[in-house]
Amino acid sequence: MSDPNLTRDTVIPQREAVQSAEYAPLKLHVPEPAVRPGGTPDFSNIRIPRAGQVDRPAIDVDAEAIRDLAFSVIRVLNRDGEAVGPWAGALSDTELLEGLRHMMILRAFDARMQTAQRQGKTSFYMQHMGEEAVSCAFRKALRPGDMNFPTYRQAGLLIAGGYSLVEMACQIYSNTHDPLKGRQLPVMYSSREHGFFSISGNLATQYIQAVGWAMASAIKNDTKIAVGWIGDGATAESDFHAALVFASTYRAPVVLNIVNNQWAISTFQGIARGGSGTFAARGLGFGIPALRVDGNDYLAVHAVAKWACERARRNLGPTLIEHVTYRVGAHSTSDDPAGYRPKTESEAWPLGDPVIRLKNHLIVRGAWSEERHKQTEAEILDTVIAAQKEAEGYGTLHSEQRPSARDMFEGVFAEMPPHLRRQRQEAGV
Ligand SMILES: Cc1ncc(C[n+]2csc(CCOP(=O)(O)OP(=O)(O)O)c2C)c(N)n1
């Protein structure tokens, strides 16, 4: 405020709205969620078809021919825990039991790390509660060498890909064994060997990078495919749209996943989605085949992932998949959802819990029992605690065991330039 005549109390007159007899005054439309804290959860706006109802098209289908799949939901597991319809039947008992195990490990790991954050052992954590099937099931459709470009809510890709829980915990504790040497915020993992591209804090940047990686694979006449991941909120970023243009134009061998967990921190999905009806529908304008899948149905996610990966591998181009799910936990350890949504909303979520649904299915198949489930839960907890203890032996926020301050200057450039060497000397490390 450089104008000396303006004081704090000066009222700047607003320009008069010009009223016209011909037109009613314009009004800005701001979408609002159906309910707020204190209200009764309401998911009546989410249309959910019966399991088994949606067709399974050939993989070389045109986007236009499966337009309706962008507005429906592919589901395999019905209310009775049976696998039904054209997307069912691909997985053996052994594979399903492994999938259940991965989801249970992820859930147990989340719970331990959430508590570790509350105990001050780490500064930050982000849970996957309710979304375990999405990353765990998708990972099983990939082959060695394929590359994921994940967000911070796909650690199931690492767990189902055989990454070590100890290394994950060490990253979260930023300790002496942290593979990223304490340079990254907890949960921003990176493992090239496990097909897990370095996570960036900047939303959506990885989406266009996934397309570029896929284009490179095609340019090299390789057989590897890329997988882009994004949340519902982050689809509003420009990089989402850039990714779709490039994927469409160059028919890049990429699967573009949108994890619609209904919330972007405190912002409900209606804000980022705008008027398109569904997030999947965004693909149609780009000529990209688009499907919606029940993200809490391990079998459905896996079947749709297989379908889309096969398309990419056969050089038939990109596929957009909207995983319809619900973020049961808080956005992060820095968030309290009670401030913006009803406390009981997750219980009202119509697609249930992915772990319970797969458990019930395995029981119906005769491959599992409540007893074995409980026993496995206890075994998994032991495994996770053992990994956590080992990681804590290498340091937590409570201890002095940290990566060397020397590491801070490494990796900025391939070779350390003189000014960084000087700064390192000044720091005395
Ligand atoms: C470019 C950018 N803008 C804003 C943020 C802050 N931010 C971090 S997570 C988040 C919400 C993302 O929501 P969504 O994409 O739906 O993913 P979810 O957290 O629900 O998995 C925001 C706004 C950021 N990290 N980067």
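Let me begin by describing the structure that accompanies this report. Quick caveat: nothing in here was measured; it's all calculated off a predicted structure.

1. A few points about helix H5 (residues 205-219)
Right, on to step 1. End to end, H5 covers 22 Å across 15 residues, agreeing with the expected 21 Å (1.5 Å per residue, within 8%).
Right, on to step 2. Looking only at H5, the buried set comprises Gln206, Tyr207, Ala210, Val211, Ala214, Met215 and Ser217.
Right, on to step 3. Next to the buried residues of H5 lie strand E1 (147-149), strand E2 (226-231), helix H6 (238-250), strand E3 (254-260) and strand E7 (319-324).
Right, on to step 4. Of the residues trailing H5, Asn221 is marked for its positive phi of about 55°.

2. Comments concerning the site of the ligand
Right, on to step 1. What surrounds the ligand is a group of 15 residues, the closest being Tyr152, Arg153, Gly201, Gly233 and Trp263.
Right, on to step 2. A distance of 2.9 Å separates an oxygen atom of the ligand from a polar atom in the backbone of Ala234.
Right, on to step 3. Out of a free accessible area of 590 Å², the ligand has 70% covered by protein chains.
Right, on to step 4. Each residue belonging to the shell around the ligand can be placed in one class, and the counts come to 6 nonpolar, 6 polar and 3 charged.

3. Examining a nonpolar patch on the surface
Right, on to step 1. Together, Leu28, Val30 and Ile271 line one region of the surface with nonpolar side chains, adding up to about 330 Å² of accessible area.
Right, on to step 2. Within the fold, Leu28 resides in the segment before helix H1 (93-118).

4. A few points about H6
Right, on to step 1. Helix length check: H6 (13 residues) gives 19 Å between terminal C-alpha atoms against 18 Å at 1.5 Å per residue, within 8%.
Right, on to step 2. Along H6, the positions that sit buried rather than exposed are Phe240, Ala243, Leu244 and Ala247. The buried side chains of H6 occupy one side of the element, clustering within an arc of 95° when seen end-on. Along H6, exposed side chains directed more than 90 degrees from the buried face belong to Ser238, Thr249 and Tyr250.
Right, on to step 3. Positive phi appears at Arg251, one or two residues downstream of H6, with a value of about 45°.

Basis of the calculations
- Residues numbered from 1 in each chain as written.
- Predicted model: local features only at pLDDT ≥ 70, side-chain atom pairs only at ≥ 80, totals over all residues.
- Heavy atoms only, no water.
- Helix = DSSP H or I, 4+ residues; strand = E, 2+ residues; numbered from the N terminus.
- Expected span 1.5 Å × (residues − 1).
- Buried < 20%, exposed > 50% of the residue type's maximum accessible area, 1.4 Å probe, protein only.
- Contact = heavy atoms within 4.5 Å.
- Near = heavy atom within 4 Å.
- Polar contact = N/O pair within 3.5 Å; in protein donor to acceptor, adjacent residues only side chain to side chain.
- Areas by Shrake-Rupley, 256 points an atom, 1.4 Å probe, with all protein chains shown as cover.
- Nonpolar A, V, L, I, M, F, W, Y, C, P; charged D, E, K, R; others polar.
- Patch = residues over 30% accessible without salt bridge, like charges linked within 9 Å, V, L, I, M, F, W, Y side chains within 5 Å.
- Salt bridge = Lys/Arg side-chain N within 4 Å of Asp/Glu carboxyl O.
- Arc of directions from axis to C-beta.

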